[in-house]
Amino acid sequence: MKKFKNFNLRFFHHFLRDYFLVTIFLIVLLVGWPLSLIEWPEKYGKDDLELPKGYESDKYVMDHTTDRLLTFVQLSDTHLGFSNATEHKFERYLSKDRLLIKPNFHVLTGDITDGYNRTQHESDWILYQQILEKYDINKDLWFDVQGNHDIYGILNQEDEDNYYYQYNPNKDTLKDFPRAYKFSYKAPFGTYDFLSLNFVHFPNPEYPYGLFGTDSVDLLDRFEEITDSKNVNQTFILSHYPIRHNLYSHKTSNSKKSMFDLLQEERIIAYLSGHIHSYENYLQKLDSKTNIIQASALALKWKDYRIVSIDNDIINFIETNLYEWPKILPTNPKNALFISKHEPLERIRKSTHIRALIYEKSGDSTIESVQVKIDDKSIGYMTRPINKSAQPLWVMPWNAQDYEGDDLHNIKYIINFNDGSKPKEQQHNFSVVGQQESIKFQWRRDFKYRTNWNALRKPVFWIGFGFILIRLFLFSKILISFIFSKTFISKFQNNLFDTLDSDQYNLFQSIILHFKITFWRHVQLSNLYWFYLCALAIFSIALPSMIFKVANNRAWLIVWLFRACAGGNCTEYTLTYFYASVFTYFVFLPALELIVDLEIINKEESPNYMTERYIIFRSLAHIIVFLFGSVFIVHVYSDNIGPTGYLLSIGQVYVGLLLLIIAGYLLIKWVKNFIKKTQQIEITV
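Bear in mind the structure is a predicted one, so any value in this text is a computation, not a measurement. (Residues numbered from 1 in each chain as written. Predicted model: local features only at pLDDT ≥ 70, side-chain atom pairs only at ≥ 80, totals over all residues. Heavy atoms only, no water.)

When pLDDT is averaged along the protein, the result is 81, and 81% of the positions lie at 70 or above. Overall, residues 1-8 carries pLDDT values under 50, and its contacts beyond four positions in sequence, including any with other chains, amount to 0 contacts. (pLDDT = per-residue confidence, 0-100. Contact = heavy atoms within 4.5 Å.)

Across the sheet, 4 strands lie side by side as β17-β16-β19-β20; this open sheet has antiparallel pairing. Each of the sheet's edge strands pairs with one partner strand only, and the pair in question is β17 (377-382) and β20 (424-430). The sheet shows a mean angle of 20° between the axes of neighbouring strands, taken without regard to direction. The pairing of strand β16 (residues 367-374) with strand β19 (residues 409-417) spans 7 bridges and is classified as antiparallel. By the bridge assignment, I374 is partnered in β19 with I411. (Pairing = 2+ DSSP bridges. Helix = DSSP H or I, 4+ residues; strand = E, 2+ residues; numbered from the N terminus. Axes fitted to C-alpha atoms, helices over the stretch in contact; angles between N-to-C directions.)

Let us now look at helix α7 (residues 217-226). Three or more residues of α7 are buried, namely L219, L220, R222, F223 and I226. Down the axis of α7, the buried set is contained in an arc of 165°. They therefore lie on one face. Away from its buried face by more than 90 degrees, α7 exposes D218 and E225. In this fold, the buried residues of α7 make contact with β4 (180-187), β5 (190-197), β7 (234-238) and α8 (259-265). (Buried < 20%, exposed > 50% of the residue type's maximum accessible area, 1.4 Å probe, protein only. Arc of directions from axis to C-beta.)

Below, the discussion takes up empty space enclosed by the protein. Evaluated as defined, the whole model comprises 5 cavities of 30 Å³ or more. Size it by volume and the largest cavity reaches roughly 90 Å³. Together, 14 residues line the largest cavity, and S540, I541, L561, A580 and Q652 are the ones closest to its centre. When residues of the lining of the largest cavity are traced back to their parent elements, those giving at least two are α15 (527-542) and α16 (575-603). By residue number, the principal contributor to the lining of the largest cavity is α16, which donates 4 residues. When grouped by side-chain class, the residues that make up the lining of the largest cavity number 9 nonpolar, 5 polar and no charged. (1 Å grid on protein atoms, 1.4 Å probe; cavity = no way out; pocket = protein on both sides within 12 Å on 5 of 7 lines; lining within 4 Å. Points joined across faces, edges and corners; volume = space filled by probe spheres on them. Nonpolar A, V, L, I, M, F, W, Y, C, P; charged D, E, K, R; others polar.)

All right, on to the packing of aromatic side chains then. In this description, an aromatic ring pair is defined by two values, namely the gap between the centres and the angle between the planes. Here the structure, examined in full by the defined rule, presents 33 aromatic pairs. Where F473 meets W530, the ring centres are 6.0 Å apart and the plane angle is 80°; that geometry is what we call edge-to-face. Separated by 57 residues along the polypeptide, F473 in helix α11 (residues 453-474) and W530 in helix α15 bring together distant segments of the chain. The exposure class of F473 is partly exposed, given its relative accessible area of 39%. Clustering of aromatic rings is evident, with ring pairs tying together F72, F105, F143, F183, Y185, F194 and F236. Positioned above the aromatic ring of W325, the side-chain terminus of K327 is 4.2 Å from the ring centre. (Phe/Tyr/Trp six-rings, centres within 6.5 Å; stacked < 30°, edge-to-face > 60°. Lys NZ or Arg CZ within 6 Å of the ring centre and 35° of its normal.)

The interhelical angle for the contact between α11 and α16, taken along N-to-C directions, is 25°, at an axis separation of 8 Å. Classed by the angle they form, the pair α11 and α16 counts as roughly parallel. Relative to α16, α11 is oriented so that their crossing is left-handed. On the side of α11, the interface is formed by R457, K458, V460, F461, W462, I463, G464, F465, F467, I468, R471 and L472, while α16 contributes Y577, A580, S581, T584, Y585, F588, L589, L592 and E593. The residue inventory of the contact of α11 with α16, partitioned by class, reads 14 nonpolar, 3 polar and 4 charged. (Parallel < 35°, antiparallel > 145°, perpendicular 65-115°, else oblique. Left-handed = near helix turned anticlockwise from the far one by under 90°.)

As C-alpha cells, this is what we get:
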C-alpha cells in the first residue's frame, strides 16, 4: 500500500511538473471563467431610478385601467423559402394569433428567408411580400432587420441579389440608411423608439465564420446620430445577432466612441434579437453599467414568438407558440430576472393592482377563474374589468407595501377552466424594491451565450501563441549556447538528473523543476528542427487559413487571422481567432512537445524516470490531442467546400500536416532504434 501511495505521489509530481502551465490553464478555466459569469443581484435606490421624459413627479399609478399599456410582438427566424415549409406557420400567426393578441405593431429580427444552398432566391422574397400584402399588414407598423440567412450569396451591400432592400415594407427608409434606422411609436402617453441595427457583414460565408455579426464606422455614426433615449419613454434595439455575438472593433468617426461606450451612455431598456434558435427563455443583462435586457427570441420556423408589454413603462415579455392557449403575460409585479434601473420601478411599489394580460382562443375551454398565490399563500382571484378594452387585462387589488422586504417573493397565477380541464399555472419571482434575481448557472449555455468572446478571442490566442514563441526563442539551443558555456550546461544537466533520480522533492519543488526541465529539454532540440518549428509557427498566422469562393462563385474569400478580403472589401471575422486558438493549443503545442520528447529519447540523454514507457505515455497523450485538434480543424474547414468544391486551406491545415511529418519521422526513427536495441539485448543474452 505504501509503495502504491508513493507511486501515485511521484506520478502526480511528474504530471504537475511536466504539465504545470496546462494545469494552471485548467484551473483558470474551471474556476475563473465561472466566477467571471456570476451576476450579483442589485438593489436600486430611489435616486437610481430614472423616470421618462417630462415627469417632474411620478403621478401615474398602476391600477385597473389600460390607459398606459401597449403590446407588440417580436417574430424571428421565419426562414421562408422553398427549402422548407414554414410559410404556413407565418401565415397561421398572421391569420389567427395576430387577430387574438391584437398587438400595436410587430418587429421581425432577421433570417426572414432561408437562403437555401447559401444563395438568395428572389421567389422567397416575393413570397414574404405577398404574405404581408395578403393579410393587409400596415407597413408603418411592421419593422424588420436583416439576418445572416438574408445575405447568403451576396457580395456587398449594393449587390443586385440583395433582395432585402427590394421587397422590404420599409425599403424607402432603407435606401438612405441601410445599416441603421429608427422608428418611433407614438402613444397617447409617450414615445417609444426602436433602433434597427444591421450587424451583418459582406460577404457572409456562413459556417464557420459567418455566425457572428460585426459593426462598422457607418453603423456606429448612424446609431449615435439617431439615438435620443433621454427624451423618450423607452428605447429598444433590434438586431439579428445577440449582443455577445457581434464583433465590436470600430469607433465613431467624430467622438471616437465604441459600441459599448454608446450603450453605457444611452438609456436602452432592451436589446431584442434572434439568431440563436435554442436560446429559449435564457436571458440576461449585458452588465450592471448598461442594464440592457438581452432577449433573443425563438424561431417562428418551428412555431415560437414573443409577446412584449410596456405597462406604465415597465417592460415584460413571454415566449409562447402557435399552439399554446391561453397565454399569460404578467405585467405587474415584474419578473425580478429582468429588472433594470432604466424603468420607473417605484411604480411597482406604489401600484394598487396585480395585472396580467390573458389571451384566450375562441372555441377553447372558457376561463372560469384566475387565482393568485404569493409565497404559496392564496391572496384572491383576478377579474377582468367590465368595460373590456382591446387589451385582455385581468386585475386584482393588492397592497404592494406588504412585500417591501429585501427578499424575493414568488407569485403564481392559476387559471381554472369551466369544463374541468387541468388548471394552467405560471409563476415568477418579484421584488417591489428593485431587487434583482440572480441567474442560475448553466455551464453549457453560459459558455456559449454569456461569455464575452469579443473580449476573450485575442488574449486567449496570443497567450498560447506567445507561449510557443517563448519556448522556441528564449529556450532555443542557439540562444542558450550563446549565453551559457558548455561547462555550465553540462553541470546544470548533471545536477538536474541527480535531483530527479533521487525523487526527493515536494510539491513546490515540482513547480521549480518544471522550469528547469523546460530549459533543459529545449537545449536538446537540434537547430534544424528548431528552425522548422519557428518557420511553421510564423506560417500558421502569416499565411491565409482558407481560400474559397463565395457569393455564388463570383469572388474569392481569402481569410487571414487578422482580416478577410473578398471583391476588394476587407472585414474582420470573430471566429478566426477561435480556430487559431484551437490550432495553437491542440495541434501546435502537443506537436511541439512530441517532437522535443522524441528528440530526447533518440539521443538517449534523459533522466532515469524518462523511460521508454514514460515517453510512450507522453507521446500517446500528445498524439491523441494532436489528432483530435487536427480532425476538428479539417472538419470545420471542409464544411465550407459547398457545392462548387473550391477550398484551399493553407495556414493551419498544411502547417499541421508538416508537423505530423516531422513527428512521424522522429517516431519511426525511435521505433527503429528501440527494435535495434531490443535485438542487441537478445543477442547479448
